[in-house]
Amino acid sequence: MTASLRLGCALAACLFAARTVPAQTVDPSGHWEGALKIKDAQMPLSIELARNSLGAIGGTVSIPNQDVKDIGLWNFAIDGQAITFQIILSAAGDNAFSGTIAADGQSMAGTLVHDSYSIPFELSRTGASRIEPPIVGTAVTKAVEGSWNGSVDRNGKVSRVAMTIANRPEGTATGRLVSLDRGNAEFVLSAIAQQDAAVTFEVGSVGGSFRGTISADHSELVGMWKENGLSFPLTFKRAQ
């Protein structure tokens, strides 16, 4: 093999290796601040991103000028420096973010698609996520503890959910809600409380709350889910 042929083979191998090396995925966890660019104006925007107990990314968004505060985010997809996610808005539909995180992980730029409009945004990571810990709930009875399956009927659009509630040794209750039709997005329950047959809890990251009643045989938890000022029927059945 001639020297020039060996050199050509070496260069080809290097180029092939460069094409096949996967992009390094950037962890987006943190507090992000920036703005949406609407014509000549800028609308302040802040996003909190953090990993949940399953290791999946979750978070909230706040847009003060639109009275949007700590609304949940879901449907995350991260590929190298590319990231997409959506805002959970039961009444207005979903609003999709699509952006690119800089190689140093300190800035993000892209577009928010809302009602067919593409709105540019720019964000800077300014520190750790500021997602507040959930409000601790009081202990519940064995009738409420355990795993539950349910569905929310939003005017004909049914969303399946799974819920788990458990008591802690110190006398408080903890729980989580998983949206089965939204990529198994996980939400922490807060302010869990039980008064006889009445059961309540909140999901702060989506501005939601539940008020319901446990059945006499403890097999169903029937009530209403309230979110963004709207109420929808929600019935949980004990998981088998």
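Nothing here was measured: the structure is a model prediction, and the numbers come from that model.

A. How the structure looks around the sheet that holds strand β5 (residues 82-87). Here we have 8 strands rolled up into a closed barrel, ordered β1-β2-β3-β4-β5-β6-β7-β8, and antiparallel in their pairing. Across the sheet, the mean angle separating the axes of adjacent strands is 30° when strand polarity is ignored. Summarising the sheet, strand β4 (residues 68-79) and β5 pair through 5 bridges and their orientation is antiparallel. The residue of β5 that forms the bridge with W74 is Q86.

B. Structural context of the pairing of strand β8 (residues 117-127). Pairing of strand β1 (residues 30-38) with β8 involves 6 bridges; the strand directions are antiparallel. Bridge pairing in β8 links H31 to G127. Here strand β7 (residues 107-114) hands over to β8 after 2 residues, with D115 in that stretch at a positive phi of 50°.

C. How the structure looks around the nonpolar core. M163, L189, F201, V203, L221, W225 and F236 are the most contacted members of the largest nonpolar core, which totals 26 residues. Of all elements in the fold, only β10 (146-154), β11 (157-167), β12 (172-179), β13 (185-195), β14 (198-203), β15 (208-214), β16 (220-227) and β17 (230-238) reach the threshold of two or more residues within this core. Dropping the residues within four chain positions of it, L221 is found in contact with W148, M163, V199, F210, G212, T213, I214, L234, T235 and F236. Ranked by size, the runner-up nonpolar core spans 23 residues in total, among them M43, L45, I101 and F121.

D. Layout of the pairing of β10. Bridging between β10 and β11 involves 9 bridges; their strand directions are antiparallel. When the bridges of β11 are listed, G146 appears paired with I165. In textbook terms, the turn of a hairpin is the stretch between consecutive antiparallel strands, and for β10 and β11 this stretch comprises 2 residues, one of which, N155, has a positive phi near 55°. Judged from the 5 bridges that link them, β10 and β17 form a sheet pairing that is antiparallel. Directly across from N149, in β17, lies its bridge partner K237.

E. Seen up close, the pattern of salt bridges. For the coordinates displayed, the defined rule picks out 8 salt bridges. Residues R130 and E33 are paired through a salt bridge, measuring 3.9 Å at the closest nitrogen-oxygen approach. In this pair, R130 sits in the loop between β8 and β9 (137-138) while E33 sits in strand β1, placing the two residues 97 residues apart along the sequence. For E33, a relative accessible area of 37% corresponds to the partly exposed category. Here K237 and E220 are joined by a salt bridge, their closest N and O atoms 2.2 Å apart.

Cut-off values and rules
Residues numbered from 1 in each chain as written. Predicted model: local features only at pLDDT ≥ 70, side-chain atom pairs only at ≥ 80, totals over all residues. Heavy atoms only, no water. Pairing = 2+ DSSP bridges. Helix = DSSP H or I, 4+ residues; strand = E, 2+ residues; numbered from the N terminus. Axes fitted to C-alpha atoms, helices over the stretch in contact; angles between N-to-C directions. Core = buried A, V, L, I, M, F, W, Y, C linked by side-chain atoms within 4.5 Å. Buried < 20%, exposed > 50% of the residue type's maximum accessible area, 1.4 Å probe, protein only. Contact = heavy atoms within 4.5 Å. Salt bridge = Lys/Arg side-chain N within 4 Å of Asp/Glu carboxyl O.

Geometric descriptors of this kind do not, in isolation, establish any biological role.
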